[in-house]
Amino acid sequence: MRIGSGYDVHKLVEGRKLILGGVQIDFDKGLLGHSDADVLTHAIMDALLGAAGMGDIGKHFPDNDDNYKDISSMKLLYQVLYLLKKQNYSIINIDATIIAQKPKLSAYMNAMKKNIADVLEINESQVNIKATTEEGLGFTGAGLGIAANAVCLIEKIA
């Protein structure tokens, strides 16, 4: 078995959609990035790639490659699954935390969990997603950005 961790952060800006876990969130700002800037999905991808010893999302999906401009991170997550399958890895579980002062995310959690599980072809019980604030501290607490971290456990299939 192998464990991986991932972290991502993006700045909140006007004029962009806020996408987390493949779900469009009703909010007046979105995350700035080359793709859809889905910090939750990016953190999960980095955890999975790290667990498999395959680098990070910047290695596989560079932000200077126009093929990934405004792409759905769910499409990239599916490509990560393909890379894992090619190396005979199976996902045991994922645990992720979104760090955002606003918006409140509880109404969206089940949809995020379902999206992640569906794309990765695993059971929803293998995915856990939480959200927290930083009590007004730091850049996320000031509402300047949103961050996410994730851990995962994978195993090699015989």
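Relevant structure appears above.
The rules behind each value
Residues numbered from 1 in each chain as written. Predicted model: local features only at pLDDT ≥ 70, side-chain atom pairs only at ≥ 80, totals over all residues. Heavy atoms only, no water. Helix = DSSP H or I, 4+ residues; strand = E, 2+ residues; numbered from the N terminus. Expected span 1.5 Å × (residues − 1). Buried < 20%, exposed > 50% of the residue type's maximum accessible area, 1.4 Å probe, protein only. Arc of directions from axis to C-beta. Contact = heavy atoms within 4.5 Å. Polar contact = N/O pair within 3.5 Å; in protein donor to acceptor, adjacent residues only side chain to side chain. Pairing = 2+ DSSP bridges. Axes fitted to C-alpha atoms, helices over the stretch in contact; angles between N-to-C directions.

**Quick word on helix H3 (residues 73-86)**
So, point 1. Helix length check: H3, at 14 residues, gives a terminal C-alpha distance of 20 Å against a target of 20 Å (1.5 Å per residue), a fit within 8%.
So, point 2. Along H3, the residues classified as buried are Ser-73, Met-74, Leu-76, Leu-77, Val-80, Leu-81, Leu-83 and Leu-84. Down the axis of H3, the buried side of the element spans an arc of 160 degrees, and every buried residue falls inside it. Across H3 from its buried face, at more than 90 degrees, point the exposed residues Lys-75, Tyr-82 and Lys-86.
So, point 3. Buried-residue contacts for H3 involve helix H1 (39-51), helix H2 (57-60), strand E5 (89-99), helix H4 (109-120) and strand E7 (145-156).
So, point 4. Looking one or two residues beyond H3, the residue adopting positive phi is Asn-88, at roughly 60 degrees.

**Section: unusual backbone geometry**
So, point 1. Here the bond from Lys-102 into Pro-103 is cis, since omega is 0 degrees, no more than 30 degrees from zero.
So, point 2. Mapped onto the secondary structure, Pro-103 falls in the loop between E5 and H4.
So, point 3. For Asn-88, which is not a glycine, the phi torsion comes out positive at approximately 60 degrees.
So, point 4. Mapped onto the elements, Asn-88 comes out in the loop between H3 and E5.
So, point 5. Exposure remark for Asn-88: the relative accessible area of 42% places this residue in the partly exposed category.
So, point 6. Positive phi, normally seen in glycine, also occurs at Glu-121, with a value near 60 degrees.
So, point 7. Of note, Glu-121 is situated in the loop between H4 and strand E6 (127-132).

**Some details on the side chain of Ser-35**
So, point 1. Following the sequence through the fold, Ser-35 ends up in the loop between strand E4 (30-31) and H1.
So, point 2. With relative accessibility at 7%, the residue Ser-35 sits in the buried group.
So, point 3. Of the polar contacts made by the side chain of Ser-35, one reaches the backbone nitrogen of Ala-37; its length is 3.2 Å.
So, point 4. Contacts of Ser-35, omitting those with residues within four sequence positions, involve Arg-16, His-42, Tyr-68, Asp-70, Ile-71 and Ser-73.

**Brief notes about H4**
So, point 1. The terminal C-alpha atoms of H4, which comprises twelve residues, lie 17 Å apart, in line with the 16 Å expected from a rise of 1.5 Å per residue.
So, point 2. What H4 keeps buried is the set Met-109, Met-112, Ile-116, Ala-117, Val-119 and Leu-120. For H4, the buried positions fall inside an angular range of 170 degrees around the axis, keeping them on one side.
So, point 3. Buried residues belonging to H4 abut strand E2 (18-20), strand E3 (23-25), H1, H3, E5 and E6.
So, point 4. Positive backbone phi, approximately 60 degrees, marks Glu-121, located one or two places after H4.

**As for the sheet that holds E6**
So, point 1. Taken in spatial order, the five strands line up as E4-E1-E7-E5-E6 in an open sheet, and their pairing is mixed. Because the sheet does not close on itself, it has two edges, and the strands there are E4 and E6.
So, point 2. As defined by bridge partners, strand E1 (residues 2-13) adjoins E7 across ten bridges and the pair is classed as antiparallel. Counted as the bridge partner of Arg-2 is Ile-154 from E7.
So, point 3. Sheet strands in contact with H1 are E1, E4, E5, E6 and E7, and its direction is about 155 degrees off that of E1.

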